[in-house]
Amino acid sequence: MRSKTLLSIPDKLSLTPEVEQRLKLAQSLGNKKFLQFVINACLNLQLKEQKLLKSKKNPELSLRKLLSTYTTQKIANAGQVSPSLLSLWMQKTIKECLKIYNLCLEIFNFDSKFAFPQIEFHYHTSRGLAWYHHGKHAISFNLFTIISEKDTFLTEVVPHEFAHAVLCFLYQKKLISNKIASGHGNAFKVVAMLLGSSGKTTYCTLQHQELEQVLNGVSEEEYQALVSLAPKKRPEYLYTCNCPQKVHRLKIVRHKRQQQNPHYYHCTKCKGWLNFTGQTQVPQLPPRINKEQHEE
Ligand SMILES: [Zn+2]
Ligand SMILES: [Zn+2]
């Protein structure tokens, strides 16, 4: 491995399988500057593990300062949610962001030109968990996901978004091309892994069943908060076939198609055509099982 690389690997770097994997990914891009950047980061990470790396912080940034800026921020239409709960979740997120930001300064040896990104919170979109906005150097988090996915969300998604920010910074410093900097390619994977993410690029949000479990494990106040933060879903159109009790749920596009041509969709089980019941339903969060009632 040492001899085949574009650059010589310093002897003090121990080639663990993790390090080898990162170097391989970095090497595949054929960019010496980026490879050197990754080698340095691996070395720094090794020193950090041995508690030999000087901790580095942006002197103008403290958790207290950040929290006072962000947790007093109003979230549009947060409505029913108690401000203390909201600020608790926001605090957790900001704390994790500051941790990963400081890690960037330490292992990538950045100075404060790598600014702490603007942090935004949303809950209205049903799709993403979090986004990095290149133009304004901001990370947006979906509050609903933070709360419902609990801690796995933060430890995986915060490094993911910071990896985008780091690559954008490297592009601005003209260390890498736009092509290497964007998307979820090998450069992204290495940086995300160096920051502690698994390097995964897509996330499955909780499935209905898991969400049900989460909802049953939270306090009544948290449950109400989740209900009011839940992304608004469009109504589904209810159809029947020849199977007894069976209900098929079509979204608007399929519903329109079936209305135009009643012989478009059929049931895979009974082979009968789907018939619109005239009813619609808006998908909602699973109801909470009242524990006392449940035990009776
Ligand atoms: Zn991404
Ligand atoms: Zn059927």
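Residues numbered from 1 in each chain as written. Chains lettered and ligands numbered in written order. Predicted model: local features only at pLDDT ≥ 70, side-chain atom pairs only at ≥ 80, totals over all residues.

Per an unreviewed UniProt entry, the protein is named SprT-like domain-containing protein, and its organism is Psittacicella gerlachiana.

From N to C terminus, the protein includes 11 helices and six strands. Burial statistics for the protein: of 296 residues in total, 27% are counted as buried. Of the contacts made within the protein by residues no fewer than 6 positions apart, 63% connect residues no fewer than 24 positions apart. (Helix = DSSP H or I, 4+ residues; strand = E, 2+ residues; numbered from the N terminus. Buried ≥ 20, exposed ≤ 12 C-beta atoms within 10 Å, placed from the backbone. Contact = placed C-beta atoms within 7 Å.)

Interaxial distance between helix α3 (residues 63-70) and helix α4 (residues 83-107) falls to 10 Å at its minimum, and their mutual angle equals 140°. In terms of their interaxial angle, α3 and α4 are classed as oblique. In this structure, the crossing between α3 and α4 has a hand that is right-handed. Contact residues: L63, L66, L67 and Y70 in α3; M90, Q91, I94, K95 and L98 in α4. (Axes fitted to C-alpha atoms, helices over the stretch in contact; angles between N-to-C directions. Parallel < 35°, antiparallel > 145°, perpendicular 65-115°, else oblique. Left-handed = near helix turned anticlockwise from the far one by under 90°.)

As a further point, take the sheet that holds strand β3 (residues 138-142). The strand order β1-β3-β2 describes an open sheet built from three strands, whose pairing is mixed. Edge strands, defined here as strands with exactly one partner in the open sheet, are β1 (118-122) and β2 (130-133). Strand-to-strand twist in this sheet, taken as the mean axis angle between neighbours without regard to direction, amounts to 20°. Direction of pairing for β2 relative to β3: antiparallel, over a ladder of four bridges. Note that in β3 the partner of Y132 across the bridge is I139. (Pairing = 2+ DSSP bridges.)

By the element assignment, L274 lies in the loop between α10 (252-260) and β6 (275-281). The exposure class assigned to L274 is buried, which follows from the 22 C-beta atoms found within 10 Å. Discounting chain neighbours no more than four positions away, the residues touching L274 are Y239, C241, H248, Q258, Y265, H266 and C267.

Let us look at unusual backbone geometry. For residues other than glycine, phi is negative in most cases, and the peptide bonds are mostly trans. A positive phi angle, close to 70°, is found at Q245, a residue other than glycine. Phi at K271 is positive, roughly 70°, even though this residue is not glycine. As for its placement among the helices and strands, K271 is situated in the loop between α10 and β6.

Moving on, we get to the packing of helix α1 (residues 17-27) against helix α7 (residues 186-194). Direction vectors running N to C along α1 and α7 enclose 150°, while the axes themselves pass 8 Å from each other. Relative to α7, the element α1 lies roughly antiparallel. Read as a crossing pair, α1 and α7 show a hand that is left-handed. Taking contact as the criterion, the partners of R22, L25 and A26 in α1 are, on α7, N186, K189, V190, M193 and L194.

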